[in-house]
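Structural description and commentary
Each chain, letter by letter, is given below.
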There are 4 protein chains.
Amino acid sequence: MTVLDIIDPIHDFIRVYETELKIIDSPIFQRLRRIRQLSGAHLTYPSAQHSRFEHSLGVMHVAGQAASALKENGFLDSDQVADIRLAALLHDIGHGPFSHLFEEVLQEKKKISHEDLGRRLILDSEIGDILSKSGFNKKLIVKLAFGDPRYRFVNEIISGSLSADMMDYLQRDGYFTGAEHAKIDHKRIIQSLDVYKSRLALDRSALYSFESMILSRYQMFKAVYFHKTVRSAEVMMLEAIRLADKSVGFTSLDLDEYVKLTDEFVVSKILSLPENNENLRRAKKLAQDYQNRRLFKCVFERIMTQKDLKSKEPLRDKIANKSKINKNDVFVDTSTTSSLPLTPSKEKTKSITLIAKDSGKSIAKEIPFSKIPVVASMAESMNILRVYTTAQYRKKVEIAANSILGGQK
Amino acid sequence: MTVLDIIDPIHDFIRVYETELKIIDSPIFQRLRRIRQLSGAHLTYPSAQHSRFEHSLGVMHVAGQAASALKENGFLDSDQVADIRLAALLHDIGHGPFSHLFEEVLQEKKKISHEDLGRRLILDSEIGDILSKSGFNKKLIVKLAFGDPRYRFVNEIISGSLSADMMDYLQRDGYFTGAEHAKIDHKRIIQSLDVYKSRLALDRSALYSFESMILSRYQMFKAVYFHKTVRSAEVMMLEAIRLADKSVGFTSLDLDEYVKLTDEFVVSKILSLPENNENLRRAKKLAQDYQNRRLFKCVFERIMTQKDLKSKEPLRDKIANKSKINKNDVFVDTSTTSSLPLTPSKEKTKSITLIAKDSGKSIAKEIPFSKIPVVASMAESMNILRVYTTAQYRKKVEIAANSILGGQK
Amino acid sequence: MTVLDIIDPIHDFIRVYETELKIIDSPIFQRLRRIRQLSGAHLTYPSAQHSRFEHSLGVMHVAGQAASALKENGFLDSDQVADIRLAALLHDIGHGPFSHLFEEVLQEKKKISHEDLGRRLILDSEIGDILSKSGFNKKLIVKLAFGDPRYRFVNEIISGSLSADMMDYLQRDGYFTGAEHAKIDHKRIIQSLDVYKSRLALDRSALYSFESMILSRYQMFKAVYFHKTVRSAEVMMLEAIRLADKSVGFTSLDLDEYVKLTDEFVVSKILSLPENNENLRRAKKLAQDYQNRRLFKCVFERIMTQKDLKSKEPLRDKIANKSKINKNDVFVDTSTTSSLPLTPSKEKTKSITLIAKDSGKSIAKEIPFSKIPVVASMAESMNILRVYTTAQYRKKVEIAANSILGGQK
Amino acid sequence: MTVLDIIDPIHDFIRVYETELKIIDSPIFQRLRRIRQLSGAHLTYPSAQHSRFEHSLGVMHVAGQAASALKENGFLDSDQVADIRLAALLHDIGHGPFSHLFEEVLQEKKKISHEDLGRRLILDSEIGDILSKSGFNKKLIVKLAFGDPRYRFVNEIISGSLSADMMDYLQRDGYFTGAEHAKIDHKRIIQSLDVYKSRLALDRSALYSFESMILSRYQMFKAVYFHKTVRSAEVMMLEAIRLADKSVGFTSLDLDEYVKLTDEFVVSKILSLPENNENLRRAKKLAQDYQNRRLFKCVFERIMTQKDLKSKEPLRDKIANKSKINKNDVFVDTSTTSSLPLTPSKEKTKSITLIAKDSGKSIAKEIPFSKIPVVASMAESMNILRVYTTAQYRKKVEIAANSILGGQK
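Quick caveat, the model's predicted, so the values are computed rather than measured.

Regarding the overall build of chain A
- Looking only at helices and strands, chain A has 19 helices and nine strands in total.
- Computed over C-alpha atoms, the radius of gyration of chain A comes to 22 Å, within 12% of the 22 Å expected from 2.2 N^0.38 for 409 residues, which places it in the range of a compact globule.
- In chain A, which comprises 409 residues, the share counted as buried stands at 62%.
- Surface exposure of chain A reaches about 16,100 Å², of which carbon and sulfur atoms provide 49%.
- Taken together, the 63 basic and 52 acidic charged side chains of chain A have centroids lying 7 Å from each other.

Remarks on the pattern of salt bridges
Residues and elements named next belong to chain A.
- Here the structure, examined in full by the defined rule, presents 129 salt bridges over all chains.
- As a salt-bridge pair, K109 and D245 come within 3.2 Å of each other at their nearest N and O atoms. Taken together, the residues K109 in helix α5 (residues 100-110) and D245 in helix α13 (residues 228-248) connect sequence positions 136 residues apart.
- Judged by its relative accessible area of 40%, K109 falls in the partly exposed class.
- E234 is the salt-bridge partner of R231, the closest N and O atoms lying 3.2 Å from each other.

Quick word on the interface of chain D and chain A
- Contacts between the two partners involve 19 residues from chain D, matched on the other side by 19 residues from chain A.
- Across the chain D to chain A interface the summed buried area is about 1,700 Å²; carbon plus sulfur atoms make up 52%.
- Inspection of the chain D/chain A interface yields two salt bridges.
- For E211 of chain A, the salt bridge goes to K222 of chain D, with nearest N and O atoms at 3.8 Å.
- The interface formed by chain D and chain A contains six residue pairs in polar contact (both at pLDDT 80 or more).
- No other element matches the eight residues that helix α12 (residues 207-225) of chain D contributes to the side of chain D that touches chain A.
- For the side of chain D that touches chain A, the residue count by class is eight nonpolar, five polar and six charged.

A few points about the UniProt feature "domain: HD" (unreviewed entry) in chain A
- This chain's UniProt record puts "domain: HD" (unreviewed entry) on residues 52-167 of chain A.
- In residues 52-167 of chain A, helix accounts for 72% and strand for 0%; the two terminal C-alpha atoms are 14 Å from one another.

A short note on the sheet that holds strand β8 (residues 361-368) of chain D
Residues and elements named next belong to chain D.
- Read across the open sheet, the four strands follow the order β3-β4-β7-β8; overall the sheet is mixed. Where the open sheet ends on each side, the last strands, each with one partner, are β3 (193-196) and β8. When strand polarity is set aside, the average angle formed by the axes of neighbouring strands in this sheet is 40°.
- Relative to strand β4 (residues 199-203), β3 is paired through four bridges, and the arrangement is antiparallel. Pairing of V195 across the sheet is with L200, part of β4.

Considering the packing of aromatic side chains
- Under the definition given, this model contains 40 aromatic pairs over all chains.
- With a centroid separation of 6.0 Å and an interplanar angle of 35°, the aromatic rings of F210 of chain C and F369 of chain C are classed as tilted. Residue F210 of chain C is found in helix α12 (residues 207-225), and its partner F369 of chain C is found in the loop between β8 (361-368) and α18 (373-376); the two are separated by 159 residues along the sequence. In terms of burial, F210 of chain C and F369 of chain C fall into one category: buried.
- Following the ring pairs from residue to residue traces out a cluster consisting of Y169, F221, Y225 and F226 of chain A.
- Taking the ring centre of F331 of chain C as reference, the NZ or CZ of R316 of chain C above it sits at 4.9 Å.

Notes on a positive patch on the surface
- A cluster of like positive charges, contributed by R204 and K365 of chain A together with K228 and R394 of chain D, occupies part of the molecular surface.
- Take K365 of chain A: it is sitting in strand β8 (residues 361-368).
- Residue classification places K365 of chain A among the exposed positions, given a relative accessible area of 54%.

A look at the interface of chain A and chain B
- Facing 32 residues of chain A, the contacting portion of chain B comprises 32 residues.
- Both sides together, the interface formed by chain A and chain B hides about 2,800 Å², and carbon and sulfur atoms give 52% of it.
- For the pair chain A and chain B, the number of links is zero salt bridges.
- Where chain A meets chain B, there are seven residue pairs in polar contact (both at pLDDT 80 or more).

Section: the nonpolar core
- Core analysis: the biggest nonpolar cluster contains 252 residues, and F210, M237 and I270 of chain A together with F210, M237 and I270 of chain D have the highest contact counts within it.
- For I270 of chain D, the contacting residues outside a window of four places in its chain are M237, A240, I241, A244, F250, A283, K284 and A287 of chain D.
- With 251 residues, the next largest nonpolar core counts I23, Y258 and F296 of chain B together with A179 of chain C among its residues.

A closer look at the relation of the copies chain D and chain A
- Overlaying chain D with chain A gives an RMSD of 0.0 Å, the required rotation being 180° about an axis along which the chain moves by 0.0 Å. What the rotation and shift describe, once combined, is the action of a two-fold rotation axis.
- Residue by residue, 100% of the interface of chain D is reproduced at the interface of chain A, so both copies engage with the same surface.

Let's talk about the side chain of E234 of chain D
- Looking at the element boundaries, E234 of chain D is found in helix α13 (residues 228-248).
- Among all residues touching E234 of chain D, those that are not within four sequence positions of it are L38, S39, G40, A41 and L101 of chain D.

Considerations on the pairing of strand β6 (residues 330-337) of chain A
Residue and element names in this part refer to chain A.
- For β6, the buried fraction is high: six of the eight residues fall into the buried class.
- When β6 meets strand β9 (residues 382-389), the two strands line up antiparallel, connected through eight bridges. Bridge assignment links T337 to a residue of β9, and that residue is M382.

Quick word on the relation of the copies chain A and chain B
- Once turned by 180° and shifted 0.0 Å along the axis, chain A lies on chain B with an RMSD of 0.0 Å.
- Of all interface residues in chain A, 100% are interface residues in chain B too; the two copies therefore contact each other through one and the same surface.

Remarks on the packing of helix α17 (residues 312-323) of chain A against helix α19 (residues 394-405) of chain A
Residues and elements named next belong to chain A.
- Two numbers describe how α17 lies on α19: the axes approach to 8 Å, and their chain directions differ by 120°. When the axes of α17 and α19 are compared, the pair comes out oblique. Crossing hand, α17 versus α19: right-handed. Together, L315, K318, I319, K322 and S323 of α17 and K396, V397, A400, A401, S403, I404 and L405 of α19 make up the contact between the two elements.

A word on helix α17 (residues 312-323) of chain B
- With 12 residues, α17 of chain B ought to run about 16 Å at 1.5 Å a step, and its terminal C-alpha atoms sit 16 Å apart, in line with that.
- Tucked inside the fold, the buried residues of α17 of chain B contact α13 (228-248), α16 (278-291), β6 (330-337), β9 (382-389) and α19 (394-405) of chain B.

Side note on the environment of L215 of chain B
- When you line up the elements, L215 of chain B lands in helix α12 (residues 207-225).
- A C-alpha to C-alpha distance of 17 Å links L215 of chain B and S159 of chain B, two positions 56 residues apart in sequence.
- Residues contacting L215 of chain B, with those up to four places away along its chain left out, are M378 of chain B together with E211, S212, L215 and V374 of chain C.

Some words on the sheet that holds strand β6 (residues 330-337) of chain C
All names here are of chain C.
- Strand order in the open sheet formed by three strands is β5-β9-β6, with antiparallel pairing between adjacent strands. Because the sheet does not close on itself, it has two edges, and the strands there are β5 (297-303) and β6. Taken pair by pair, the neighbouring strands of this sheet meet at an average axis angle of 20°, ignoring direction.
- Pairing geometry for β5 and strand β9 (residues 382-389), over six bridges, is antiparallel.

Things to note about the side chain of H61 of chain A
All names here are of chain A.
- Mapped onto the elements of the fold, H61 is located in helix α3 (residues 52-72).
- Under the relative-accessibility criterion, H61 is labelled buried at 13%.
- Leaving out residues up to four positions away in the same chain, H61 has contacts with H11, F13, I14, R15 and R85.

Some details on the confidence of the model for chain A
Residues and elements named next belong to chain A.
- With 96% of its residues at a pLDDT of at least 70, chain A reaches an overall mean of 92.
- Per-element confidence in chain A is highest for helix α4 (residues 78-89), whose mean pLDDT is 98, and lowest for strand β1 (residues 2-8), whose mean pLDDT is 85.
- For this predicted complex, the interface score ipTM comes out at 0.94, while the overall pTM is 0.91.

Brief notes about helix α3 (residues 52-72) of chain C
All names here are of chain C.
- Along its 21 residues, α3 runs 30 Å from first to last C-alpha, staying within 8% of the 30 Å computed at 1.5 Å per residue.
- Burial analysis of α3 places 17 of its 21 residues in the buried class, which makes it a mostly covered element.
- One side-chain oxygen at the N-terminal end of α3 lies 3.1 Å from the backbone nitrogen of F53; it belongs to S51.
- Phi turns positive one or two residues past the end of α3, at G74, with a value near 90°.

Parameters and conventions
- Residues numbered from 1 in each chain as written.
- Chains lettered and ligands numbered in written order.
- Predicted model: local features only at pLDDT ≥ 70, side-chain atom pairs only at ≥ 80, totals over all residues.
- Heavy atoms only, no water.
- Helix = DSSP H or I, 4+ residues; strand = E, 2+ residues; numbered from the N terminus.
- Rg over C-alpha atoms; globule rule 2.2 N^0.38 Å.
- Buried < 20%, exposed > 50% of the residue type's maximum accessible area, 1.4 Å probe, protein only.
- Areas by Shrake-Rupley, 256 points an atom, 1.4 Å probe, with all protein chains shown as cover.
- Lys, Arg positive; Asp, Glu negative; His and termini not counted.
- Charge placed at Lys NZ, Arg CZ, Asp CG, Glu CD.
- Salt bridge = Lys/Arg side-chain N within 4 Å of Asp/Glu carboxyl O.
- Contact = heavy atoms within 4.5 Å.
- Buried area = accessible area lost by both parts, 1.4 Å probe.
- Polar contact = N/O pair within 3.5 Å; in protein donor to acceptor, adjacent residues only side chain to side chain.
- Nonpolar A, V, L, I, M, F, W, Y, C, P; charged D, E, K, R; others polar.
- UniProt positions renumbered as here; feature names shortened; annotations may be inferred.
- Pairing = 2+ DSSP bridges.
- Axes fitted to C-alpha atoms, helices over the stretch in contact; angles between N-to-C directions.
- Phe/Tyr/Trp six-rings, centres within 6.5 Å; stacked < 30°, edge-to-face > 60°.
- Lys NZ or Arg CZ within 6 Å of the ring centre and 35° of its normal.
- Patch = residues over 30% accessible without salt bridge, like charges linked within 9 Å, V, L, I, M, F, W, Y side chains within 5 Å.
- Core = buried A, V, L, I, M, F, W, Y, C linked by side-chain atoms within 4.5 Å.
- Least-squares fit on C-alpha atoms with pLDDT ≥ 70 in both.
- Parallel < 35°, antiparallel > 145°, perpendicular 65-115°, else oblique.
- Left-handed = near helix turned anticlockwise from the far one by under 90°.
- Expected span 1.5 Å × (residues − 1).
- pLDDT = per-residue confidence, 0-100.

Below, the structure written as C-alpha cells:
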C-alpha cells in the first residue's frame, strides 16, 4: 500500500510505504535532517546543505529499484524487496553530527563505527519496535544493512561498487555542490544488474556507465570530499569536538543523548561552553572561526603512496618545533581512501563480473579491474598529506613543513 | 579584479570581486547560511535546505548579468554595474530566522520589515564600513537595494516582475525543492532587457519566456510557498516565536543580538527555555513538534477574494467556541499574495513595456497585463484561508470550521 | 518478451517487443525516418531534423506507460496494453512527405487525411499481415489508433489533451528545436491518470503539470509551428508540391508509390523535372529556393478571430491587383489551430475531470476549462493571417496588403 | 554588428555576424544541412539525424568563446577572434556525403582529404568571394582552419584535444544520439584556456573536466562511432559508393558536382541506376538494404594492437575461400583511431600544459599524459577488426573467420 510520494530533485518521486513512513516520522530519523551529508563542504560549495535525511530516502529508492530489477530476474521476492528497502533507509541511521568527522572521534575514543551505532539504534530504539510491530525481523534488517556473509549480493545492493548508496550520493552530492563531476547513469546500471555466484554482476552493455561512475567517484573525492578547503573546515571542527568532548561528553554513547547531537547543536553547544580551561577556549575559538568561515590555510600538500604515510603526531611535533609555533596551531591531515569503492565487508574490490548476452546465451566473465584500463588507472589509493595552520603563521609553518617533508610539492 | 569563482548549481560559477568577498566573509553575511530560504518547506520538500546565503550570491550574479546587458545598450556604466551587484548581494541581509516568518512577528510588534533592518545593517554595521573603505557610497547602495524613485529601473533589476531576485529564487527554489514548476529561461530574459521611460522593458521576442516565468511563480506559490503542509509547519513556528518572544526578546532589535538569530538557534533557544509559564510550555511543545515533524492538520481550506478575508482573531474565537476546543489549539492562517509580482515600491504591476525591433527600428509599446491572456489569467490575488489544529482535535475543529465558514470546501 | 532497447534522448530507453520490432523493421515504417517531424522548421531551428520515426517510437513508449498506469488501477489488462502500444506506434504511419503539408494537398485534392491513409496502410499493407500473423486484430488496432466511440479513453491515450502523442511531440520538438518552451512533466501526468465515466481523468495533484503542458503547447505553436519564417518555408513547399502534382502524380494514392515519398525524395523529384511548362518552372524555382533557404518574406501579419478569416484566394487576387504583382508571387497563409488540443473525434475539449483523494475517498469533479484561469486564457483559437512574397516585391506587396487589410498590424 | 541569433539546443543561442551569415546563406554551406554528422548512426541511434550544418555553427560558437577568453588574457585581438570564428565555421565545409565515408573513398581514389577539398572550396568558390569582399583574407582563413605551423595555438582552438570541434561534436553527438556518454563541461574548459610557448594550455583547476572529456571521447568511440551496428551500416554504404563510383563519377572532384552530393542524393542516385552490370546491381542492393535497415551481421570482432592489423583484402579472400562464400558477401572492417585526439598536424598528442596559479604567480608545467592516470589509461590506439556478412551466410562466415583469426573473440 502506497502511503506517500515524496518529491526529490534527484529521483523525481520517492514512493514511501507504511512501515517506512513510521520510521521516517520517528524523531531519531527526523534528526538526520540536521546532519549535513557533507559536513563542512558547504563552506566551499555553498549549496551543499543537503542532509543524511534526503540521502537515506534516496538510497531506499535506488535500492528498491535494484531489488525490483533482480526480482524480475527471479533472484528476489517481494518480501525481500521490502526488507532491502528498509535496510537501505536505515543504512546511515547511526551517523552522528558532521557524519564522518564525529565517527572519526568515536573510532579514536571508543573504537566504534557509525555502523555499530546503527545496529544499536535499530535493535534497541523505537525503530526496532516499529519494525517488529509491523512484522519485520529487525535482526535481519541489521544484517542486510551492515553486512553478513550470507546475504552477499543484498549487502552489495546497499554498499560497494554497484551500490544504491554510491549511486545516490554521487548524484546527490554532484547536484547539490554543483560540482558536476558526478554524471551517473544509474538507471542503466540498475537495469543491467544481475547476480552471479551470489555476487552482483553487470550486463556488459553497462560497462561504460560503470567506468564513468567510477571516474565520477574518483573526481568527487579529489574535487569535493578531499578538497583542501573542505578539509580545512573539517580539520577545525574535528579538533573542536575532540577538545570539547571531555567537558561535554559528546561520545558518551548514551543513545538518548546521542540522538540529540546534530551539526548546529554541536556548534552551539561548543560556543556556549565556559572558557575555564585552555581546551575549551581553543574549542570555542575553532567553532567560532568555523562558523564565520575563517578557515585554516593549507601550507603543504602531497599525494602519497600508502607507505609514505607517517603517523601524524610526530610530524606535527616536528613541524611545530622547527617553526617555533605552538603545536596547537599546526595541523596535519591525511585524507585516505581507496580509489575504488570497498566491498560491504570493507575489502578492496578487485573485479567485476560482466554478463554478455549473445544469441540468447548468457556468459558470465569475471573481469579484474586491472583489465579495464580506465578503472585500473584509478586503482591506487588516494592519500593526501596536508599541513594546515592559521593565517598568521602561514609563512613560518610553510617553510618548516617544506624543509621537513621535502619541498617537491 | 576577479577574486574568486564560487561554484553554484544554478549559475555554474558566480564570480566574486574584492569588496563583495569582504562583505560575504563578514559574520553578518555568513549567518545567512543558517537561515533557510524557505523556512519550513524542507519538512514537505526534504531537499529544500538551501539558504539565503546562496540566494543572495545568485541575485548578485543575475543582477550583474542584467546590468551588463543594459551597459551594453548604453544605459549604465561599469561603476553602476558594481553598485547594482552590491545592492543585489545585500537585498536580503536584513532577513532574520525563518525569513518571512520572523518578519511577520517584527511587523506585528515593531512595524518594521526586513528591508528596514537591511537598511540599518548596511548603514550601521561593519558592512557599511567595508563599503565605505572600498570607496562605495553606502547610502546609494541602500537606495538601489531597497527602492528610491530616482533609481527606478535599477530598483526593478533587484525586485519586481523582471527582477534578478525573482529569476534567482524561482529557479533555485524549483531546483532545491524538486518541484520543477520553475522553468525560467532567465538568460533569454536578461538578454532581452531594455529601458524605456526609465523603467525596465523587454524585447518582444522574450514575451513567451516572461509568460512562462509568471506562470512558474504562480505555480510555485500554489505548490510550494502556500502548500498546506508547508504553511502548517510555518504556522507552528510563527506561534512558537510569538509565545517565546516576551521571555527571550527575539524582537529586541539590538543589531548585535539580531545577527545571532538563525533558524536552528531559535529552535534550540526555545527548546532550552524553562517551562515556568503556559506560554513557554506551549512554545516548547510547538518547537518540539516542529522539529520532529508532528505538524498541525489542515481541516478547512478556501480560496478567497480579498473582501472575504475576515480578520483572523474573531474567527479563531468562534471556531474554538463552537468546537469547545481551547483557542490555543485552533489556528487560522491566511496566505495572501499578489499573483503578479509587485513593483519595488510594493504596488501592483499592471503592464509590461515590449520593444519590437522591425527593420532596424525599435518601437516600444506598453502592454497592459489584461491584454496578455496568460498573464491576465493570473491577475487576481491568491488568498487562501485555512484552519489548522492538532491531530487529536481534527474532527471537532473540522466540523466547527465548516459549520461557521460554510461547508463548500 | 523483450526484443530490444532503443536509446532515445527523450525517454532514455524505448523497450520494443517482438511484433513491434517486426513492424518497425518494415520498409513502410522505416520510411518515417525520412519524413521530418516538423517539415520546414529546420530552416529556422537548424537542429529540428528529427523525424516521424523517433516520434512514433516515443508515442508508443508514453502510451505504454499510460496504459500500464491504468492497468495498475484495474482499467486495462496486459493484452490491451499491447494493443495500445501498437496503435500508438502506428498513429502516424499514414503521414506523407512534409507531414501536414502533404496532408493539406491530399485534403484539397482527395478529401483524405493522414488518418485515412493510416487506416489503409494498416489494413492493406504488410503491416496488417505482420499484425495478423502475430495474433493481433488489425481492425481493432485501427480503431484504437484513429478513434472509435467504443474505445473512448483508449483513444484519448493516443490523441487529445492528455495524450501520449502530445506528451511526446511537445518534449521532442522542444528538445530538437532548442526552443525550450516545452517543459512537460509527463511522468507526473502519466502517474496521475485515471478513468472516469469512460474518459481519461487526472489526479488533482497533477493539475499544475497539466496547466504547464497546455501553456507549452500554446507557446510551441506561436514560437515554432506557426513561426513566420517556419511558415514561409512551408508555404513555399506546399506551393511547389501543388504545382508539380499534375505532372508527377504525388497524390495518386497508389500505396506502393505513396510509401516512396519522403521529404528529400519530393524535393529531388521536383528539382529533376523538365521545365516544359510554367507550373513546373515555378515548382522547380520554389524547391530550389527552399533548398537554399531563400525564403519568402512576410509583409503582413495579424492574429484574427475565426470570423475575420476570409477565404484566401480572393484576398490573394486583391493584393496582386493592388500591388500590380503577378498573383503567383503573392501568398496568403492562414495558420489556424485550436489553442487547446482537440478530442480524438476532433471536437473542442471543454473540460477535464479531476480526481481528488481525501482521507482515502476519491471524488471526481468535471472542471470546465473556463474555471481554470490559465487554461481558460488560451481557449480562443489561434488564427494567424499572413501575406508573403519574394524579397524583390517586398515593399509593393507590403503596401498593398496593408492598404487592403488595414494597417493596424 | 549582430545580425542574428540562431537557437541551438547545445549552446542556447548562436550569435551570427554579417559575413558569417552571408557564408551560411550560400548554397554550398546550406548543403551541409543534408549531410548527417554521423553518417549511418541514426540506424542504430534513431535520433542522430543532426547534420554538419548545426555542428559547423556550434564549432564557430565555441571557437569564438575560446578566442574571446584568450583575447581577455591578451593573446588575441578582435580581428583575430573574427578570423577564428570564420575558420571554425568553415572547418568542415569540404565534407561530402556521409562525411568520413566519402572521404575514405576519396582518399583511396584521389589521395585527398576533406581538408583538401575545404581549402579548394574556400579559395575557389563563392565562399572565397564573400570573404574577400568583406575584407577577410581567405588564404589566412584556410591556414587557421586547416593548419599552419605559424598559427599553432589558433589551429588548436579548431582541432585537437582542447578544440572547439571536439567540444561541440562530443556534446552534440551525445545529445542527439541520447548516448549520454558525452558529459563535457566545455564552459569550464573554455574559461580555463591559456597559451604557453605558443600552444594552448589549461588552468590546473580544469584538469578534471579535461579528464572527463577525454573519457567521453573514448566512450563515444566505443559506444557510437565504432558501434558494431553503426559500422555495419557504414560498411554497406561505403561499398555501395565504391561500386557505383565508376558509373556515376561521384569522386570526379568537379566542385560544382561535388556540392550537389548529399546523403539522400547519393542513396537516391544509386537506387535509380540501371542494373546493367554486376557492380551496379550490388550497389543498388546495398543501398536498398541500407535504406530499409537490413544490415550486415557482425560475425567476428577483436580489439587489436596496431601491429596485429593485417591488410584487409587478403583476409577477405581467405575468409571467402575458407567459407566458400563469394568474396562480395564478406566484409572486413578495421576501425582505427587514436584514443587520444590528434594535434592539428595529425600527430599524437602526448602532453598537456597546465598552469597553476598560486599566490598570484603562474607556473606552467607540461604534464605528459603518461602522468595523468585516467588519460594514460586511454593512450593506446583503438583498433577494432570486424568481419561482416549478410544474414544468410552468418554461420558459415563466422566459422571461417574464427578458424582463421583464432576463436578467442
